[in-house]
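Reading the structure
The primary structure of each chain is shown beneath.
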Amino acid sequence: MGDRTGEHLALVDVNNFYVSCERLFDPRLENRPVVVLSNNDGCVVARSPEAKALGLRTGMPWFQIAPQAEAWGLVARSSNYELYGDLSARVMELLGRWGTWQQVYSIDESFIGLTGTPRQALETGRQLRRAVARHLGLPVCVGIASTKTLAKFANHVAKNNPHDARIDGVFSVEQAPAGFVDRLMQRLPSTEVWGVGRKSGDKLERLGIRTMAELRDAEPGWIRSRFSVVLERTVLELGGVACIPDADEHAGPAQVIFSRSFSRPVVSSADMADVMNAYGQRAAARLAAQGQRARTVMVTAGTSRFSGPDGSVSKSVALPRATADPIAITRAAVGAMRSVMREGVPYTRAGVMLAGLGPAETGQEMLAGFEEVEGADVVPDRHLEDVLGRVRGRFGGTAIGLGRGGLAEQGSWTMRREFASPQYTTRFSELPVVRA
DNA sequence: AAGCGCC
DNA sequence: CTGGCGCTT
């Protein structure tokens, strides 16, 4: 745990984040059903309230919905992660200013620490909600409590009572009327608790625990023996004991994965080599951007989960040295895949995973290799990944890459993005034009 | 390598 | 004609 004694925890997230981002730049999407689709336009990942009212659920495949879309006036958008990522950075930066501490939990969620009395913390929550609306035009909900799990619950309360003027998007467990939280927990199923999914919910039910309140009141040690230390912590947190450790700010992620489904199955090893070339570069670029190096490359490829025999393969290979060099990583990925894939099998997805991560060399270490240029005012880049990172930072992610066409070249397997919106905030050529 | 849960 | 990711076991 960090040093957060006596603080309140707020969990802030953006309502229907991807849809809200799309609406920000296309007001025609206001007041009508809108869904944002996953990569490859596969299934629904975000819904406007109007789309929810139509009964559309997250995870629904688009091909099942598409026939009715026109009759419903439903608008679909392909996911535009350039846009969402950019807006996310702005939201997170703004939220960080309101907290004594911040943990960015996902693209649209952040835990932040609030000080003062419970009453003051609630008022801060209301202020930051107004600030995000004013500065970024995005609607957020805020849940405030003493533990992360309770803050998640409080956020859920805020989000699911949009028309309650007393809540108005901000709910504090500590400031709720007596008995209110307990009555709610007695009504809500355990699966509404953060960290309790379908499987654990089923198992809990078989053991006689159905509601959030029953889970909160369960014996922690018994839960640990029947489930895991992770669920035990959830029980303690529901009871107000903060015990989910904060993410280590300094440590990057333990692994970097770049994995995608194909628009069309990949059958030949030649095409799969192109895939590994492209995915290896993307994974390597992320690794370099995080200032990390990898020791291990793992490749995976799989057949359709919904039809035909399961033909998933994977192979892990050690790199000769820890590196973020896209040439070394891409070579390793292509070679590993060639050794395990079966020619003629229709693979529908593949991935490159980098593991055994550690920090990249410091500036001092890099300088050590350049005694020969001592006195020069510019230290040349020692690593290809640094050069690529700088070019991409200035000219865009596909401006430069390995091989003919680099990352810009598209294969027949490239993901489908039929309903893509412009990159309003990250490409000069796609800036929205405003006429007054 | 698979299960699980989250977004 | 059905996502991607990270962590745990």
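Definitions and cut-offs
- Residues numbered from 1 in each chain as written.
- Chains lettered and ligands numbered in written order.
- Predicted model: local features only at pLDDT ≥ 70, side-chain atom pairs only at ≥ 80, totals over all residues.
- Heavy atoms only, no water.
- UniProt positions renumbered as here; feature names shortened; annotations may be inferred.
- Helix = DSSP H or I, 4+ residues; strand = E, 2+ residues; numbered from the N terminus.
- Pairing = 2+ DSSP bridges.
- Axes fitted to C-alpha atoms, helices over the stretch in contact; angles between N-to-C directions.
- Contact = heavy atoms within 4.5 Å.
- Near = heavy atom within 4 Å.
- Polar contact = N/O pair within 3.5 Å; in protein donor to acceptor, adjacent residues only side chain to side chain.
- Nonpolar A, V, L, I, M, F, W, Y, C, P; charged D, E, K, R; others polar.
- Expected span 1.5 Å × (residues − 1).

1. Looking at the UniProt feature "domain: UmuC" (unreviewed entry) in chain A
Per the UniProt record, "domain: UmuC" (unreviewed entry) is found at residues 9–197. Segment residues 9–197 splits into 43% helix and 20% strand. End C-alpha atoms: 23 Å apart.

2. Quick word on unusual backbone geometry
Within the chain, Asn-16 stands out as a residue other than glycine whose phi angle is a positive 40°. The topology assignment puts Asn-16 in the loop between β1 (8–14) and α1 (17–25). Positive phi is not limited to glycine here, since Asn-31 has a value of about 60°. Looking at the element boundaries, Asn-31 is found in the loop between α1 and β2 (34–37).

3. Looking at the sheet that holds strand β4 (residues 75–78)
Ordered in space as β3-β2-β4, the three strands form an open sheet in which the pairing is mixed. Whereas interior strands pair on both sides, the edge strands pair on one side only; in this sheet they are β3 (44–47) and β4. Each strand axis lies, on average, 30° off the axis of its neighbour in the sheet, ignoring direction. With four bridges connecting them, β2 and β4 associate as parallel partners. Within β4, the position partnered with Val-36 by the bridge is Arg-77. On the sheet, α1 packs against β2, β3 and β4 and is oriented at approximately 110° with respect to β2.

4. With respect to the pairing of β3
Note: β2 against β3, three bridges, orientation antiparallel. The residue of β3 that forms the bridge with Leu-37 is Val-44.

5. Observations concerning the protein's contact with DNA strand C
Taken together, the neighbourhood of DNA strand C is formed by 15 residues, with Ser-38, Phe-63, Ser-259, Ser-261 and Phe-306 sitting nearest. Here DNA strand C approaches the protein such that, of its atoms within 4 Å, sugar and phosphate make up 66%. Contact between DNA strand C and Ile-257: a phosphate oxygen at 3.4 Å from a main-chain N or O atom of the residue. Arg-286 is positioned with one of its side-chain polar atoms (N or O) 3.4 Å from a phosphate oxygen of DNA strand C. The element contributing the most residues to the surface near DNA strand C is strand β9 (residues 256–266), with five residues.

6. Let's talk about the protein's contact with DNA strand B
Lining the immediate environment of DNA strand B, one finds 14 residues, of which Glu-109, Lys-152, Gly-195, Ser-200 and Ser-314 sit closest. The sugar-phosphate portion of DNA strand B accounts for 100% of its atoms within 4 Å of the protein, the bases making up the rest. Contact between DNA strand B and Asp-108: a sugar or linking oxygen at 3.4 Å from a side-chain N or O atom of the residue. For the surface near DNA strand B, the secondary-structure elements that each account for two or more residues are β5 (102–106) and α8 (198–206). The element best represented in the surface near DNA strand B is α8, accounting for three residues. Across the surface near DNA strand B, the residue classes tally to four nonpolar, five polar and five charged.

7. Points about helix α13 (residues 326–340)
Here α13 spans 21 Å end to end across 15 residues, near enough to the 21 Å set by a 1.5 Å rise per residue. Between a side-chain oxygen at the N-terminus of α13 and the backbone nitrogen of Ile-327 the separation is 2.8 Å; the capping residue is Asp-325.

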